[in-house]
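Read off the chains here:
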Amino acid sequence: GRMKPVIVVHGGAGRIFKEREEGCRAGVVRAALRGYAVLKQGGSAVDAVEEAVQSMEDDPHFNAGCGSVLNEKGEVEMDAIIMDGKNLDSGAVSAVKCVANPIKLARLVMEKTKHMLLTDHGAHLFAQAMGIPEIPGEKLVTERSRERWKKNLEPDSNPEEFQKDLGTVGAVAIDSEGNVACATSTGGLSNKLIGRVGDTACIGSGGYADNHSGATSTTGHGESIMKVVLARLILYHMEQGMSPEVAADTALDYMKTRVGGLGGVIVVNKAGEWAARFSTKQMSWATVKDDNLYYGIYAGEKHIKSVDEALASEREGF
């Protein structure tokens, strides 16, 4: 049967500084509209989530692709995952450098190899073999990321404090065929140890998609997310009959009480119902369904515009 396509995106859970709010809102809206355009043209859920995430990787407001935070050595190391709910195929990369769009590389891992996760040097060799252009690492480093890295190196600094306003980017979608998909991408934690891989590249933690239940992408404290396998936990709750919203809240609540971790999630179920929920102060998110755009950053905030109106203001520069 023909499904009405839906896309949901997030730009990370945490604390979003006032001066960055507008950029974050505009960025998730742009990503959702781009992903939805793919679905409207009959594109697959996988194509749509890749397109939406790529849009946010290219936007320096987000901790993914250009704008990623720096590790202890002052370098960008990125993780990404994509998953197809039709056959549970997935591709991921971890600790990759000098690539503009890790999500594209994750997609190639899914489609061109028998593996699910390539890391660091191996991912680099694979990117070369696939003809992905290498870009200088500095190209991904923004002034803001370098400033933060320097601040965190000061002896009395507390990098943990800074983690709160960072997030991963992600997207989930259901296409007109009823296939679901998820994609997640991140620069990780500021001043992390070299070689640290968080939840994003890990199937079931950073994302999961299964046509039998739905799809989800997560953001927040990676180590906490991994401990409870958050993405898969949400789908499990939906398999038990919970709505996306209740499943998301139940899983986030469990993560908070069990391991003290905060985060955010976006969810779509196989019926096309969606949710964007978070236990942090904020999470930028946007959804398009039935030609309506919904978006917000604060708990309880939900703006609604028609897609036509949103596209018109996009062209005028938001």
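Bear in mind the structure is a predicted one, so any value in this text is a computation, not a measurement.

Cut-off values and rules
- Along each chain, numbering runs from 1 in the same order as the chain's sequence is written.
- In view of the model being predicted, local features appear only for residues whose pLDDT reaches at least 70, and side-chain atom pairs are presented and counted only at 80 or more, with totals across whole chains, interfaces and linings using the full set of residues.
- Values shown for side chains rest on all heavy atoms present in the structure; no hydrogens or waters enter the calculation.
- UniProt positions are given in the numbering used here, feature names are shortened, and annotations may be inferred rather than shown by experiment.
- Each helix is a run of DSSP H or I of at least 4 residues and each strand a run of E of at least 2, with the numbering of both proceeding from the N terminus.
- The classification of residues rests on relative accessible area computed with a 1.4 Å probe and restricted to protein chains. Under 20% of the type maximum is buried, over 50% is exposed, and intermediate values are partly exposed.
- Every residue pair with non-hydrogen atoms within 4.5 Å of one another is taken to be in contact.
- By this rule, a helix spans an expected 1.5 Å times one less than how many residues it contains.
- Regarding the arc, it is the one traced by the directions from the helix axis to the C-beta atoms.
- Under this definition, polar contacts are N or O atom pairs within 3.5 Å; protein pairs additionally need one hydrogen-donor-capable and one acceptor-capable atom, and for neighbouring residues in sequence, both atoms have to be side-chain atoms.

1. Quick word on the UniProt feature "binding site: substrate" (unreviewed entry) in the protein chain
Turning to step 1, where the next piece is worked out: Feature annotation in UniProt assigns "binding site: substrate" (unreviewed entry) to the following positions: R196, V197, G198, D199, T219, G220, H221 and G222.
Turning to step 2, where the next piece is worked out: In this structure, V197 sits in the loop between β6 (180-186) and β7 (207-210).
Turning to step 3, where the next piece is worked out: A relative accessible area of 28% means that V197 is categorised as partly exposed.
Turning to step 4, where the next piece is worked out: Filtering out sequence-adjacent residues up to four positions away, V197 remains in contact with D79, S94 and M226.
Turning to step 5, where the next piece is worked out: Mapped onto the elements of the fold, D199 is located in the loop between β6 and β7.
Turning to step 6, where the next piece is worked out: Judged by its relative accessible area of 4%, D199 falls in the buried class.

2. Description of helix α9 (residues 244-259)
Since the α-helix advances by 3.6 residues per turn, residues separated by three or four positions end up pointing in the same direction.
Turning to step 1, where the next piece is worked out: The end-to-end C-alpha distance of α9, which contains 16 residues, comes to 22 Å, matching closely the 22 Å that a straight helix rising 1.5 Å per residue would cover.
Turning to step 2, where the next piece is worked out: Regarding α9, the residues found buried are P244, A247, A248, A251, L252 and M255. The buried residues of α9 all sit within an arc of 125 degrees when viewed along its axis, so they share a single face.
Turning to step 3, where the next piece is worked out: Positive backbone phi, at 70 degrees, marks G260, one or two positions downstream of α9.

3. Here we look at the side chain of E301
Turning to step 1, where the next piece is worked out: Within the element layout of this structure, E301 appears in the loop between β12 (292-298) and β13 (303-306).
Turning to step 2, where the next piece is worked out: A distance of 2.9 Å separates a polar side-chain atom of E301 from the backbone nitrogen of I297.
Turning to step 3, where the next piece is worked out: Every residue in contact with E301, bar those within four places of it in the chain, is listed here: R25, W285, Y295 and G296.

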